[in-house]
Amino acid sequence: MTLTHPHLEVSIGTQRLRLFDDMRLLREWSCSTSKFGIGFTEGSNKTPLGRFVVKEKHGEGADSGTIFKARQPVGHWAPGMETKSDLVLTRILWLHGTEPRNQNTFQRYIYIHGTNDENSIGRPASHGCIRLRNREVTELFNLVPVGTPVWIEE
């Protein structure tokens, strides 16, 4: 599927991420935003609001469950593996804020990514990022290019 004008909308209130092409809704997924709420401060672990773009994508071709540290593959997680960590898995769409209030988003490492805690999808549980199920983040990754606009709202 080739999209002409893709954009993403994330609703913190409904814990949904929606993919549009122009005004047409193409896909909608449950997601998980920050369990600490909304915010813009470095180190707050809060999800920022406003306008963003997908500045970088990481994980092209990686297996589902690939563990990333500093956007580099470092291992593999499989369902049922016990871990206390909040892992960044499968794919990374790294967001850059385009407004004064969220311009530090890229430096805060706010991503859309897969998770080892898929049971938390649909409720706030992250450390600031937007989490998706691993198969869904792969689908999204394959549909949107770098530069895709993202809107995160309450």
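Please read these numbers as outputs of a predicted model, since none were measured by experiment.

Definitions and limits used
- Residues numbered from 1 in each chain as written.
- Predicted model: local features only at pLDDT ≥ 70, side-chain atom pairs only at ≥ 80, totals over all residues.
- Heavy atoms only, no water.
- Helix = DSSP H or I, 4+ residues; strand = E, 2+ residues; numbered from the N terminus.
- Rg over C-alpha atoms; globule rule 2.2 N^0.38 Å.
- Salt bridge = Lys/Arg side-chain N within 4 Å of Asp/Glu carboxyl O.
- Buried < 20%, exposed > 50% of the residue type's maximum accessible area, 1.4 Å probe, protein only.
- Pairing = 2+ DSSP bridges.
- Phe/Tyr/Trp six-rings, centres within 6.5 Å; stacked < 30°, edge-to-face > 60°.
- Lys NZ or Arg CZ within 6 Å of the ring centre and 35° of its normal.
- Core = buried A, V, L, I, M, F, W, Y, C linked by side-chain atoms within 4.5 Å.
- 1 Å grid on protein atoms, 1.4 Å probe; cavity = no way out; pocket = protein on both sides within 12 Å on 5 of 7 lines; lining within 4 Å.
- Points joined across faces, edges and corners; volume = space filled by probe spheres on them.
- Nonpolar A, V, L, I, M, F, W, Y, C, P; charged D, E, K, R; others polar.

Within the protein one finds 1 helix and 10 strands. Helices and strands in the protein line up, N terminus first, as β-β-β-β-β-β-β-β-β-α-β. Whereas a compact globule of 154 residues would reach a radius of gyration of roughly 15 Å, the protein reaches 14 Å, a difference of no more than 12%. Principal-axis analysis of the C-alpha atoms gives the protein an extent of 40 × 35 × 25 Å.

According to the stated counting rule, one finds 8 salt bridges in the structure shown. The partner of Glu9 in a salt bridge is Arg18, and the shortest N-O contact between them spans 3.0 Å. Overall, Arg18 belongs to the partly exposed group, its relative accessible area being 28%.

Judged from the 6 bridges that link them, strand S2 (residues 16-21) and strand S3 (residues 24-30) form a sheet pairing that is antiparallel. Of the residues in S3, the one forming a bridge with Arg16 is Ser30. Between the end of S2 and the start of S3, which pair antiparallel, lie 2 residues, with Asp22 showing a positive phi angle near 55 degrees.

With that settled, the discussion passes to the packing of aromatic side chains. For the coordinates displayed, the defined rule picks out 3 aromatic pairs. With 5.8 Å between their ring centres and 90 degrees between their planes, Trp94 and Tyr111 make a pair best called edge-to-face. Of the two residues, Trp94 sits in strand S7 (residues 88-97) while Tyr111 sits in strand S8 (residues 111-114), which places them 17 residues apart along the sequence. You can call Tyr111 buried: its relative accessible area is 7%. Linked through ring pairs, Trp94, Phe106, Tyr109 and Tyr111 together constitute an aromatic cluster. If you follow Lys55 out to its NZ or CZ, it ends over the ring of Phe106, 4.4 Å from the centre.

Before going further, it helps to examine the nonpolar core. Among the nonpolar cores identified, the biggest contains 25 residues, and Leu17, Leu95, Ile112, Leu140 and Ile152 are the most heavily contacted of them. In terms of residue count, helix H1 (residues 134-143) provides more of this core than any other element does, 4 residues in total. In this structure, Ile92, Trp94, Phe106 and Cys129 belong to the second largest nonpolar core, which totals 7 residues.

Attention now moves to the layout of surface pockets. By volume, the largest pocket amounts to about 170 Å³. Phe68, Lys69, Ala70, Arg71, Ser85, Asp86, Leu87, Val88, Ile92, Tyr111 and Cys129 are the residues that line the largest pocket. Secondary-structure elements contributing two or more residues to the lining of the largest pocket are strand S5 (66-69) and S7. For the lining of the largest pocket, a count of residues per class yields 7 nonpolar, 1 polar and 3 charged.

Pairing of S5 with strand S6 (residues 72-76) involves 4 bridges; the strand directions are antiparallel. What sits directly across from Ile67, in S6, is Gly75. What sits between the antiparallel neighbours S5 and S6 is a turn of 2 residues, in which Ala70 has the positive phi angle 50 degrees. With 2 bridges joining them, S5 and S7 adopt antiparallel strand pairing. Looking at S7, one finds that Phe68 is bridged to Val88.

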